[in-house]
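Chain residues, written in single-letter form:
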Amino acid sequence: MPATAHDTSLRRVVGIVALLNLGYFGVEFAVALAIGSVSLFADSVDFLEDASVNLLILLALGWSLKARARVGMGLAGILLVPALATLWALWSKFQLPAPPAPLPLTVTGFGAMLVNFGCAMLLMRYRHHGGSLTRAAFLSARNDVFANIAIVIAGAATAMTHAVWPDMVVGAGIMLMNADAAREVWQAARSEHQGAIDLHA
């Protein structure tokens, strides 16, 4: 496929992924607030972050390797936003340790899993095209599938135990997963940035 056609295809896919993430952010955030779920709150913020990442990718795809690497390093910082939001949500839950309603938790988590799986499949063929930018989008979607599976399990565990800990544990796990994704993207972006510097040295 010619490079221009490939870039056009990538832009279309990234745009679709951005819209899917933005749409489900609204759904998950509303449910999270309604039932008081830490894991859904963390995941909804993650959907918003994913939408932002993909919109930034759309803007940066035509830029130079060095410029894309700089944006990639910025995206690594954006990937930490859900982790910080989750810390706040966990602290709030400690103050009022009430378990979320298990059925909405499970159903919403399952819906999120389907959305993220679809996004990961769309991005899979492009994960090595565009450097750290598309790598950031793919890693985020892939990690979110695992996070959503954990949310579904947390919903089942909450139904059985009527305890607050399954939701909190999964929320903390999502926080750590996003922090690790941020580390991977930062390393990839730094490597690209150094490569661009060496190329022009």
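### Quick notes on the overall build of the protein chain
Here's step 1: Each helix and strand counted, the protein chain has seven helices and zero strands in total.
Here's step 2: The order of α-helices and β-strands along the protein chain, N terminus first, is α-α-α-α-α-α-α.
Here's step 3: Looking at the 201 residues of the protein chain, the share that counts as buried comes to 50%.
Here's step 4: Considering only contacts in the protein chain between residues 6 or more positions apart, those separated by 24 or more positions represent 83%.
Here's step 5: A total accessible area of about 9500 Å² is found for the protein chain, and carbon and sulfur atoms account for 74% of it.

### Overview of the packing of helix 2 (residues 38-60) against helix 4 (residues 81-95)
Here's step 1: Two elements in contact, helix 2 and helix 4, have axes whose closest approach is 9 Å; the angle formed by their N-to-C orientations is 160 degrees. By the angle between their axes, helix 2 is roughly antiparallel relative to helix 4. Crossing handedness for the pair helix 2 and helix 4: right-handed. On the side of helix 2, the interface is formed by Val38, Phe41, Ala42, Val45, Asp46 and Glu49, while helix 4 contributes Val81, Pro82, Ala85, Thr86, Trp88, Ala89, Leu90 and Lys93.
Here's step 2: The residue makeup of the contact of helix 2 with helix 4, split by class, is ten nonpolar, one polar and three charged.

What counts, and at which threshold
- Residues numbered from 1 in each chain as written.
- Predicted model: local features only at pLDDT ≥ 70, side-chain atom pairs only at ≥ 80, totals over all residues.
- Heavy atoms only, no water.
- Helix = DSSP H or I, 4+ residues; strand = E, 2+ residues; numbered from the N terminus.
- Buried < 20%, exposed > 50% of the residue type's maximum accessible area, 1.4 Å probe, protein only.
- Contact = heavy atoms within 4.5 Å.
- Areas by Shrake-Rupley, 256 points an atom, 1.4 Å probe, with all protein chains shown as cover.
- Axes fitted to C-alpha atoms, helices over the stretch in contact; angles between N-to-C directions.
- Parallel < 35°, antiparallel > 145°, perpendicular 65-115°, else oblique.
- Left-handed = near helix turned anticlockwise from the far one by under 90°.
- Nonpolar A, V, L, I, M, F, W, Y, C, P; charged D, E, K, R; others polar.

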